[in-house]
Structure formats: C-alpha cells, structure tokens
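# Structural features, examined
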Amino acid sequence: MSEEARAREDICRIAKSMFDRGLTCGASGNISVRLSDGRLLVTPTGSSMGFLDPARISLLSEDFRHLGGDAPTKEIPLHSAFYDTRAGTGGVVHLHSTHSVALSMLPEVDPDNVLPTLTPYALMRLGKVQLLPFFLPGDEGMGAAVRGLAGKRSAVLLANHGPVVAGKDLWAAAYAIEELEETARLALLTRGMNPRALSEEQVRDVVRAFDVDW
C-alpha cells in the first residue's frame, strides 16, 4: 500500500473512531495529513467524520491548491497556519468536542493555558494550550491568530468552537486532541471541588523529563 493510500485509510479510520465515541458529531471537525512529498490530504467540506470515503478525501498541493477529490474543509487557513509555523508537523486535527468547547466558555479560564495541570499526560502531549478568541467558522482570522503564536503552541482552543492540535503525524495529533478533551472533562467534573492538581515542582519534573515545550 502506498503512503498516500495508507494515509487516506488512516484518516477515515481515526475520524470514524472519534465520531463513534462522540468526540465529534454531524458534519463537524476536520483532519489533515502532510505527505512526504509535501502534498496534503484533507477531509472534505460538509462531510461527516463518521462516513468518510478514502477516495473522496481532498488532495492539495504543497501550497494548498486543490488537486483532486472533493472540495476541502473551509478551515484550511487554520491547518496551513500550523504547517507553516511548526516545522515537522505531519497532521492536524480539529474537533468540536463537548467538554473542550464548554471549558472555552468559562470566564475563569486562563487564556495562556486553558487546561489545569491535573495529570502529567496533557502536559506531555500538549504543553500549554492557548485560548483563541471567537471567530466565525471559516474565518481566515483563525489562521492569522495561530500564526501570531509563531509556532510556540502545538494546540489551541477556539472560544465557543473547539480544539485544534498539530502533531508529528496524524496519530500523534489524534492522541493529543483526545488527551485535551479528557483533561477538559476532568476540569469540568472537578470544578469547584478544589482538586489536588500537580504542584509547580511536579510540573517542572514532567517538563524536564519529557522535554515539553513549556
């Protein structure tokens, strides 16, 4: 199986798994993968992540021109911002996952790091997660906001919208965005209960041990 064929299959398999587990619904969410020759595979606009067809995945050139398949997601500027500012990015996942969206709407959330340090795993996979303002869906301003971070963040949370995570490949991005959603869920479950979060020393230990971009 060629690299492109495998990537098409992986996109559909991961997307369906996320859809089946309620991490995305309807026609929300999108995924992209960068191939070794620089071309990109992107989920089509208006498509359900639970019912993707590998043959209809959008194929884009290295400079994001549409080469084949269905028309790509309207949120290409969001994806391209990560590829252009974070060297080594091989996959980007964007979801409208419930707990992450809920967390983005709470007034007490720290915009520089929306996730409380409840477990080491979110730190290891995500580092700090930046809260970005609300944008209309498809607004190119989302991409500009990501570019404004100058590659310092692999994950952002769009206010009232959902998380976007970049990884070295699709699997890494998928694992990381699931960790983001689970940590957001933990944050909501323990809200107002004064949970024992990791101490500053424990956070430093995790950052040093796993070379976290903090």
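These figures come from a predicted structure and were not determined experimentally.

### Re the packing of aromatic side chains
Under the defined criterion, the tally for this structure stands at two aromatic pairs. Note on F19 and F51: the rings are 5.6 Å apart at their centroids and 70 degrees apart in plane angle, and the pair reads as edge-to-face. Residue F19 is located in helix α1 (residues 3–20), and its partner F51 is located in the loop between β2 (40–42) and β3 (58–60); the two are separated by 32 residues in the primary sequence. With a relative accessible area of 22%, F19 lands in the partly exposed category. Since its relative accessible area comes to 67%, F51 is described here as exposed. Here the basic side chain of K128 rests over the ring of W214, its NZ or CZ set 5.2 Å away from the ring centre.

### A look at the nonpolar core
Counting 39 residues, the largest nonpolar core has I11, M18, I31, V93, L115, L126 and V129 as the members making the most contacts within it. Where this core is concerned, the elements lending two or more residues are α1, β1 (30–34), α4 (120–126), β7 (155–158) and α6 (170–189). Broken down by element, this core gets its largest block of residues, eight residues, from α6. In this structure M18 touches L23, T24, M49, V93, L95, A174, I177 and E178, once residues within four positions along its chain are discounted. V42, I76, L78 and V156 belong to the second largest nonpolar core, which has 19 residues in total.

### Topic: the side chain of S58
The residue S58 is located in strand β3 in this model. Among the polar contacts listed, one links the side chain of S58 to the backbone oxygen of A71, at a separation of 3.4 Å.

### Details of the pairing of strand β5 (residues 91–94)
Side chains of β5 alternate between two faces, with G91 and V93 and V92 and H94 buried alike. Pairing geometry for β1 and β5, over four bridges, is antiparallel. Counterpart to N30 in the pairing with β5 is H94. Here four bridges tie β5 to strand β8 (residues 162–167), and the two strands are oriented antiparallel to one another. Paired with V93 across the bridge in β8 is V165.

### Here we look at the UniProt feature "domain: Class II aldolase/adducin N-terminal" (unreviewed entry) in the chain
Mapped onto this numbering, the UniProt entry annotates "domain: Class II aldolase/adducin N-terminal" (unreviewed entry) at residues 9–188. What you have in residues 9–188 is 34% helix and 17% strand, and the ends, taken at the C-alpha atoms, are 34 Å apart.

### Let's talk about the packing of α1 against α6
Each pair of packed helices can be summarised by the angle the axes make with each other and by the distance between the axes. Remark: α1 packs on α6, axes separated minimally by 11 Å, with the N-to-C direction vectors making an angle of 10 degrees. Judged by the inter-axis angle, α1 sits roughly parallel to α6. Touching D10, I11, R13, I14 and M18 of α1 are L170, W171, A174, I177 and E178, all from α6. For the contact of α1 with α6, a count of residues per class yields seven nonpolar, no polar and three charged.

### Focus: the pattern of salt bridges
Pairing between side chains of opposite charge can happen when their charged atoms approach one another. Counted according to the given criterion, the structure contains 12 salt bridges. Of the charged contacts in the structure, one is a salt bridge between E4 and R39, with a shortest N-O distance of 3.1 Å. Of this pair, E4 sits in helix α1 while R39 sits in the loop between β1 and β2, placing them 35 residues apart in sequence. Among the residues examined, E4 registers a relative accessible area of 18% and is labelled buried. Of the residues examined, R39 reaches a relative accessible area of 25% and is grouped as partly exposed. A salt bridge links R147 to D84, with the nearest nitrogen and oxygen atoms 3.0 Å apart. Separated by 63 residues along the polypeptide, R147 in helix α5 (residues 141–147) and D84 in helix α2 (residues 76–85) bring together distant segments of the chain. Taken together, the shared-partner salt bridges connect E4, R8, D37 and R39 into one network.

How each quantity is defined
- Residues numbered from 1 in each chain as written.
- Predicted model: local features only at pLDDT ≥ 70, side-chain atom pairs only at ≥ 80, totals over all residues.
- Heavy atoms only, no water.
- Phe/Tyr/Trp six-rings, centres within 6.5 Å; stacked < 30°, edge-to-face > 60°.
- Helix = DSSP H or I, 4+ residues; strand = E, 2+ residues; numbered from the N terminus.
- Buried < 20%, exposed > 50% of the residue type's maximum accessible area, 1.4 Å probe, protein only.
- Lys NZ or Arg CZ within 6 Å of the ring centre and 35° of its normal.
- Core = buried A, V, L, I, M, F, W, Y, C linked by side-chain atoms within 4.5 Å.
- Contact = heavy atoms within 4.5 Å.
- Polar contact = N/O pair within 3.5 Å; in protein donor to acceptor, adjacent residues only side chain to side chain.
- Pairing = 2+ DSSP bridges.
- UniProt positions renumbered as here; feature names shortened; annotations may be inferred.
- Axes fitted to C-alpha atoms, helices over the stretch in contact; angles between N-to-C directions.
- Parallel < 35°, antiparallel > 145°, perpendicular 65-115°, else oblique.
- Nonpolar A, V, L, I, M, F, W, Y, C, P; charged D, E, K, R; others polar.
- Salt bridge = Lys/Arg side-chain N within 4 Å of Asp/Glu carboxyl O.

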